[in-house]
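What the coordinates show
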Amino acid sequence: MTQTSIAEAIQSAHREIMRDDDRVILLGEDVEAGGVFRITNGLRDEFGPQRVFDTPLSEAGFTGAAIGAAIGGMRPIVEIQFVDFILPALNQLISEAAKMRYRSLGAWTVPLVVRTPYGGGVHGGLYHSQSMEALFAHVPGLKVVMPATPADAKALLHSAVQDPDPVIFLEHKRSYRLIREEIPDPLPPVAIGQAALRRDGQDVAIIATGLALHHGLAAAEQLQAENIDCLVLDLRTVLPLDKPAILSAARRTGKVLIVHEDHLTGGIGGEVAAIIAAEAFEHLDAPIQRLAGPDIPAMGYHPALEQAFLPNPDTIAQAARRLAAY
């Protein structure tokens, strides 16, 4: 097996999905030419302009069209160039797609996938660096997926396209070509809503998403040399959350550090902490801690400002070290 990047894994998943199911279409801005990150490169040549096509620069318009296509029996994959640009489509996603099954008493479903890159680390500045998972995780009727590895990105895209409900598929842009691994063939399926234990441990649980997961694993390696044994849990999906996995991590270690790149206030870490506080409080040996992006309007463009915003292995190790000392 060869090492595969997240970008290559997602592209491969598109090919497999579209070969297997002619109801799957791909639309968005510049997808015919491969998209900003070249994820869709070559797909139009293989599947033709009826299944892979560019749209006008109107996220509300083409997301609404995709919702209609999904209701009509298609399985659209929408690519939005950056999650920062998804805001014009919120009415379509929150007021229409997320509520369609409920308002129709189950008669209509919206098997729609919205793929979009998020996060910092590529000097994108204010309008190309945001994380918005908490915004969508607040909306019943949506599912929100955040794969952190190539194998999970591929398997979860398969699961997302097969799902009868709308899925927001968030891809950390810094991870696209940074994270590589061997992908087994056949690829084991990954269910939406299932976390993954990436590292077992008994002293501190690090619960993370996206690129922060890999920083958490690096921090755990640092701390092992100090005889601090860290468990690392990859949420993979933030709506629905894997409550049993979260509670198991908290009960096993008694000390929990939740790490994500989104802003601290209102971030998904607060929901994870609430689950633990409500259902595993008696197992805790220290206050639940969160490490996240600061509550400032946006991530700066300058590398120093960008790095000051982002969690990294050293800041995670420092926070876990303080927890271990309780």
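The structure presented is a predicted model; accordingly, all values stated were derived computationally and were not measured. (Residues numbered from 1 in each chain as written. Predicted model: local features only at pLDDT ≥ 70, side-chain atom pairs only at ≥ 80, totals over all residues. Heavy atoms only, no water.)

1. Remarks on the pairing of strand β7 (residues 167-172)
Along any regular strand the residues' side chains alternate between the sheet's two faces. For the record, the criterion: The buried label applies to any residue whose accessible area, calculated with a 1.4 Å probe on protein chains only, is under 20% of its type's maximum; exposed applies above 50%, and partly exposed to all values in between. Secondary structure elements are defined from DSSP: runs of H or I of at least 4 residues count as helices, runs of E of at least 2 residues count as strands, and each element is numbered from the N terminus. At least two DSSP bridges between two strands are needed for those strands to be called paired. Seen with its strands pointing away from the viewer, a crossover is right-handed if its path from the first strand over the helix to the second goes clockwise.
With respect to burial, β7 is a largely interior element, six of its six residues being buried. Every second residue of β7 is oriented toward a common face, with V167, F169 and E171 on one face and I168, L170 and H172 on the other, all of them buried. Judged from the six bridges that link them, strand β5 (residues 113-118) and β7 form a sheet pairing that is parallel. In the strand pairing of β7, P117 is matched with E171. Alignment of strand β6 (residues 143-145) against β7, held across three bridges, turns out to be parallel. Residue V145 lies in a different strand from β7, and its bridge partner there is F169. Taken together, β6, helix α7 (residues 150-162) and β7 constitute a β-α-β crossover, and its handedness is right-handed.

2. Side note on the domain arrangement of the protein
For clarity, the threshold we go by: Residue ranges assigned to the domains are those given by an automatic or database domain assignment. Residue contacts are defined here by distance: any two heavy atoms, one from each residue, within 4.5 Å place the two residues in contact. The buried area of a pairing is the accessible area, by a 1.4 Å probe, that goes missing from both parts when the two are put together, added over both.
Domain annotation for the protein reports domain 1 (4-181) and domain 2 (196-325). Once you take the C-alpha centre of each, domain 1 and domain 2 turn out to be 26 Å apart. Between domain 1 and domain 2, the contact holds 31 residues from the first and 25 residues from the second. With both chains or domains summed, domain 1 and domain 2 bury close to 2100 Å², and 59% of this area falls on carbon and sulfur atoms. Per-residue buried area on domain 1 facing domain 2 is highest for H123, M146 and A148; these three make up 23% of the total on that side.

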